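Architecture at a glance
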Amino acid sequence: MTASEVRPLTATRQFPPGFLWGAATAAYQIEGAAAEDGRTPSIWDTFSHTPGKVFGGHTGDVAVDHYHRFRDDVGLMKELGLTAYRFSVSWSRVQPTGRGPAVQKGLDFYRSLVDELLAAGIQPALTLYHWDLPQELEDAGGWPERATAERFGEYAALVADALGDRVERWTTLNEPWCSAFLGYASGVHAPGRTDPVAALRAAHHLNLGHGLAVQALRAALPPRAEIGVSLNLHQVRPLTEAPGDVDAARRIDAVGNRVWLGPMLDGAYPEDLAADTARLTDWSFVRPGDTATAHQPLDFLGVNYYTPTVVSVAGGAQPGMADGGHGGGSFSPWPAADEVAFHQPPGALTAMGWSVDPSGLYDLLMRLTREYPELPLYITENGAAYEDAVGPDGAVHDPERIAYVHSHLEAVHQAVESGADVRGYFLWSLLDNFEWAYGYEKRFGAVHVDYETQVRTPKASAHWYARVARSGQLPAPEAVV
């Protein structure tokens, strides 16, 4: 079965028993309490407080105050029938300088959060790093420096020692592509640097840090623990089948996908990536044994997907698509791919300007199933931003989000029927929150947040998703809204 084949859409789709129904968040986007209980600035604190870097001058200082309201938020999760919750740990809350012993008050927050989740019957899924590097480590060179990878392994051990007795699902990194290439190449994310060589160095040390963290987790966690990584893999499509466009897709696949899949899952960087980037670097920062360290056995791969990527040879990029829809900065997040043009895929657009195309998720899951058939998969992020508001009736009606999630869950179900071992789905996001460089302008949440009062209002999509989560069944499209 291919993504283009039409299946009858009149029947309810039943997901496998034990399929996890979750939602996801990230520490800097929701916690607030930026200077409480020993927490020190991360690169996102510094970046958001730098004029001109974030829409409206917004910061995560307060965010949605999850640090103080987590018990109420867990109560919302229980009401919505979630069986799992994916959250990240703030490195600078746990280990403020990125070195040395942990701050127990920081760990106590996550201990309390996990205990609350378990009491509500919700499985915690912990991410060690969702982009908030302690500023002191960035001042020492950040991810382009090998020492940061080593510090990350030590940090992983601290968190595992504190929470390993009650958290069974662990993710090392979330979307390292964004950390490396939006943070160090295009500069639209923290720390805001624009050096393609530094970005490639950062990519390698994120791979190395991942491997060191897996080793530390294996040493500290009980055998039942599951360890993986979450990648925002790009479903890259050539604009045409012309050789130049096909090669453009290959180049973006190398620096967007295989730069991670190679070391982490195959044990080596792809040769074409080294050839493509040879004019920038000889990759001498890769030391003997590094790729073996990065290549640790994993229990699952997390897949983050929002929209496909369409490319061609240079000369025809559409307005706003010069960087592939990743923030519109003046510098490219694609090192040594200047000859590649990006195009807006067809279809309806979300508030982010991203095309709604669930076939990309199906195709991506089937590629991973072909290439890594023994590796279980989770959808660790999928969702959409729309212009949401509380209506006169006090409710938030978001039929576009319901349609988006429905179509992507249909793609997941189709992949499962085609042989993909997909074991869960985490909606992005549980709550409206600080959407990085977009500040509070973009709303991805299933739960609306009034940022002035912190009042939470589950949207229509939250109630719809709750029915799916409780039943494990996806209704036919005509029954969606």
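Counting starts from 1 at the beginning of each chain's written sequence and moves along it residue by residue. At least 70 in pLDDT is required for a residue's local features to be given in this predicted model, at least 80 for side-chain atom pairs to be given and counted, and no such filter applies to totals for whole chains, interfaces and linings, which use all residues. The side-chain figures draw on all heavy atoms in the structure; neither hydrogens nor water molecules are used.

1. Some words on the environment of H234
- Locating H234 in the fold gives a position in the loop between β6 (226-231) and β7 (236-238).
- Judged by its relative accessible area of 5%, H234 falls in the buried class.
- In sequence terms H234 and N304 are 70 residues apart; their C-alpha atoms lie 9.0 Å from each other.
- By the convention used here, residues are in contact when the closest approach between their heavy atoms is within 4.5 Å. Leave out the neighbours within four places in its chain, and H234 touches W177, G256, N257, T309, H326 and W334. Only runs of H or I of at least four residues qualify as helices and only runs of E of at least two qualify as strands under DSSP, and these elements are numbered from the N terminus. Buried, partly exposed and exposed residues are distinguished by accessible area as a fraction of the type maximum, computed with a 1.4 Å probe on protein chains only: under 20%, between the cut-offs, and over 50%, respectively.

2. What to know about the side chain of Q454
- Looking at the secondary structure, you find Q454 in the loop between β13 (447-449) and β14 (456-458).
- A polar contact is formed between the side chain of Q454 and the backbone oxygen of A63, at a distance of 3.1 Å.
- Excluding residues within four positions of it along the chain, Q454 makes contact with V62, A63, V64, D65, R69 and V449. N or O atoms closer than or at 3.5 Å make up a polar contact, with two conditions inside protein: a donor-capable atom paired with an acceptor-capable one, and, for residues adjacent in sequence, both atoms drawn from side chains.

3. Here we look at the confidence of the model for the protein
- Scored from 0 to 100, pLDDT reflects the predictor's confidence in each residue. Per-residue pLDDT for the protein has a mean of 95; in total, 96% of the residues score no lower than 70.
- Taken together, the stretch residues 1-6 has pLDDT below 50 and engages in 11 contacts with residues farther than four places along the chain or on a different chain.

4. Some words on the pattern of salt bridges
- We define a salt bridge as a side-chain nitrogen of Lys or Arg found within 4 Å of a carboxyl oxygen belonging to Asp or Glu. Under the definition given, this model contains 35 salt bridges.
- Note that D247 is salt-bridged to R250, the shortest N-O span being 2.8 Å. Here D247 and its partner R250 are both found in helix α10 (residues 243-266), 3 residues apart, which amounts to about one turn of the helix.
- One salt-bridge network, in which partners are shared between bridges, spans D247, R250, R251, D253, R258, D272, D276, E339, R367 and E371.

5. As for unusual backbone geometry
- With an omega of 10 degrees, the peptide bond running from A190 to P191 counts as cis.
- Across the junction of W428 and S429, the peptide omega takes the value 5 degrees, indicating a cis bond.
- Within the secondary structure, S429 is located in the loop between β12 (422-428) and β13.
- The residue A63 is not glycine, and still its phi comes out positive at about 50 degrees.
- Take A63: it is sitting in the loop between α2 (43-48) and α3 (66-79).
- Residue E175 is not a glycine yet carries a positive backbone phi of 45 degrees.
- Counting through the fold element by element, E175 comes out in the loop between β5 (169-174) and α8 (176-184).

6. Let's talk about the packing of aromatic side chains
- Aromatic contacts are taken between Phe, Tyr and Trp rings whose centres are within 6.5 Å, Trp giving its six-membered ring; a plane angle under 30 degrees counts as stacked, one over 60 as edge-to-face, and the others as tilted. Within the structure shown, the criterion is met by 36 aromatic pairs.
- Ring centres 6.2 Å apart and planes at 80 degrees place the aromatic pair W44 and F434 in the edge-to-face group. Of this pair, W44 sits in helix α2 while F434 sits in the loop between β12 and β13, placing them 390 residues apart in sequence. Grouping residues by exposure puts W44 and F434 together as buried.
- Arranged with centres 6.1 Å apart and planes meeting at 80 degrees, the rings of Y306 and F444 form a pair that is edge-to-face. Placement of Y306 in the loop between β8 (300-304) and β9 (309-313) and of F444 in the loop between β12 and β13 is noted, with a sequence separation of 138 residues between them.
- Judged by its relative accessible area of 13%, Y306 falls in the buried class.
- Members of the aromatic cluster, connected to one another through ring pairs, are Y28, W44, F47, W131, F434, W436, Y440 and Y451.

7. Here's the deal with the pairing of strand β2 (residues 20-24)
- Of all 5 residues in β2, 5 are buried, a share of seventy percent or more.
- Residue alternation in β2 divides its side chains into two sets, L20, G22 and A24 and W21 and A23, and both sets are buried.
- With 5 bridges joining them, β2 and β12 adopt parallel strand pairing. From the neighbouring strand, A23 faces β12, where its bridge partner is L427.
- Note on pairing: DSSP must find at least two bridges between two strands before they are called paired. With 3 bridges joining them, β2 and strand β3 (residues 84-88) adopt parallel strand pairing. In the strand pairing of β3, A24 is matched with R86.

8. A word on the sheet that holds β12
- On the basis of which strands lie adjacent, the closed barrel formed by 8 strands has the order β2-β3-β4-β5-β6-β8-β11-β12 and parallel pairing. The mean angle between the axes of side-by-side strands here comes to 25 degrees, regardless of whether they run parallel or antiparallel.
- Pairing of β8 with strand β11 (residues 377-381), which is carried by 4 bridges, proceeds in the parallel orientation. Pairing of V303 across the sheet is with I379, part of β11.
- On the sheet, helix α5 (residues 104-119) packs against β3 and β4 (123-129) and is oriented at approximately 170 degrees with respect to β3.
- Axes here mean lines fitted to C-alpha atoms, for a helix over just the part in contact, with angles spanning 0 to 180 degrees between N-to-C directions. Packed onto the sheet, helix α13 (residues 359-371) meets β8, β11 and β12 and runs at close to 140 degrees relative to β11.

9. Things to note about the sheet that holds strand β10 (residues 340-343)
- Taking strand neighbours across the sheet as the criterion, the 3 strands line up as β7-β9-β10 in an open arrangement whose pairing is mixed. Because the sheet does not close on itself, it has two edges, and the strands there are β7 and β10. Averaged over all neighbouring strand pairs, the angle between strand axes comes to 40 degrees, with direction disregarded.
- With 4 bridges connecting them, β9 and β10 associate as antiparallel partners. The residue of β10 that forms the bridge with S312 is A341.
- Relative to the sheet, α10 contacts β7, β9 and β10, its axis offset from that of β9 by approximately 130 degrees.

10. As for the UniProt feature "active site" (unreviewed entry) in the protein
- Those residues carrying the UniProt feature "active site" (unreviewed entry) are E381 in this numbering.
- Its location among the elements puts E381 in strand β11.
- Taking relative accessible area as the criterion, E381 reaches 4% and is therefore assigned buried.
- Aside from chain neighbours lying at most four places away, what touches E381 is R86, H130, N174, E175, V303, N304, Y305, Y306, F426 and W428. UniProt positions are given in the numbering used here, feature names are shortened, and annotations may be inferred rather than shown by experiment.

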